Amino acid sequence: MLRPSPAPAPALRSVLAALGSPAAVSEARTPALRAALGPLSPEAPLPLHVLDVRDQVVPSGQAPRTRLAGWRFLIRGTDRAVAAADTMLTPDGWSFSHFFEGPYVTATERALLQAESLPTVYQPRLLSVPELYMLTLWLHGDTDADGATASPAPADLLVPLAPAPPGIAAHRPHRVADLLPVLTLRLAPPPLFGTPAPA
């Protein structure tokens, strides 16, 4: 079961305004959005957090730090999500950033449907790991938390979205405590095998 955190009202308004703007839709690099028939609506707002694994030394038992990068909305057509819209925080508040499409739109929709069938109630979020070109559905255990704050708890679940990095199964839930060490190991610099030959 999922209990989403409500998106900031200005973020939703900015996406609705962009959807209502023929120029914004026609200029978007989203053929599926431009070709969609019928009404389009922003749904499933998710706070998008970024985890910079490489820059963190996380003591054992402590949660890694994340930063809120924006809110993402799936743009639903008549029967499925055809695109997504990102918003960002500016000095004037939340504003529309851009529309996009691609495999992460479908993967997000699929992961949300899978998470709805879990017996535990979670707050859904997105967690990006830019260094690995990886996006996950983050299922946070504290459903009363502000979606814009908090760090992943060891028992939270991360569901890598397809396409996932090689060796990490997409759409399979992993506990943060289990997946984070794997990500950190992948980003560690390779060991030095000797010293350069003298000139």
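This structure is a prediction, so every number in the text was calculated from the model and none was measured.

K.L.:
How do you make sense of helix H1 (residues 9-19) when you look at a structure like this?
P.N.:
Given 3.6 residues per helical turn, the α-helix brings residues three or four places apart onto the same face. Among the residues making up H1, those that are buried are Ala11, Ser14, Val15, Ala18 and Leu19. The buried residues of H1 occupy an angular sector of 135 degrees when the element is viewed end-on, so they sit on one face. Of the exposed residues in H1, the ones pointing more than 90 degrees away from its buried face are Arg13 and Ala17. Buried residues belonging to H1 abut helix H2 (22-27), helix H3 (31-35), strand S1 (41-50), strand S2 (67-76), strand S3 (81-90) and strand S4 (93-100).

K.L.:
Just to check I follow, could you spell out the pairing of strand S6 (residues 134-140) for this structure?
P.N.:
Among the seven residues that make up S6, seven are buried, leaving the element largely enclosed by the rest of the structure. The side-chain alternation of S6 yields two buried faces, one formed by Met134, Thr136, Trp138 and His140 and the other by Leu135, Leu137 and Leu139. Note that strand S5 (residues 123-129) and S6 share seven bridges and pair antiparallel. Across the sheet, residue leucine 126 finds its bridge partner in S6, namely leucine 137. Where S5 folds back onto S6 in an antiparallel hairpin, the turn is made up of four residues, including tyrosine 133, whose phi is positive at roughly 50 degrees. Pairing geometry for S6 and strand S7 (residues 157-160), over four bridges, is antiparallel.

K.L.:
Looking at this structure, I do not really get the packing of aromatic side chains. What am I missing?
P.N.:
A ring pair, where both rings are aromatic, is described by two values, the distance of the centres and the angle of the planes. Summed over all chains, the structure comprises one aromatic pair. For the pair phenylalanine 96 and phenylalanine 99, a centre-to-centre distance of 4.7 Å together with 50 degrees between the ring planes defines the contact as tilted. Classification of phenylalanine 96 by relative accessible area gives partly exposed; the value is 23%. Taking the relative accessible area as the measure of exposure, phenylalanine 99 reaches 7% and is therefore buried. One cation-aromatic arrangement involves arginine 125 over tryptophan 138; the distance from NZ or CZ to the ring centre is 4.6 Å.

Thresholds, definitions, all that
- Residues numbered from 1 in each chain as written.
- Predicted model: local features only at pLDDT ≥ 70, side-chain atom pairs only at ≥ 80, totals over all residues.
- Heavy atoms only, no water.
- Buried < 20%, exposed > 50% of the residue type's maximum accessible area, 1.4 Å probe, protein only.
- Helix = DSSP H or I, 4+ residues; strand = E, 2+ residues; numbered from the N terminus.
- Arc of directions from axis to C-beta.
- Contact = heavy atoms within 4.5 Å.
- Pairing = 2+ DSSP bridges.
- Phe/Tyr/Trp six-rings, centres within 6.5 Å; stacked < 30°, edge-to-face > 60°.
- Lys NZ or Arg CZ within 6 Å of the ring centre and 35° of its normal.

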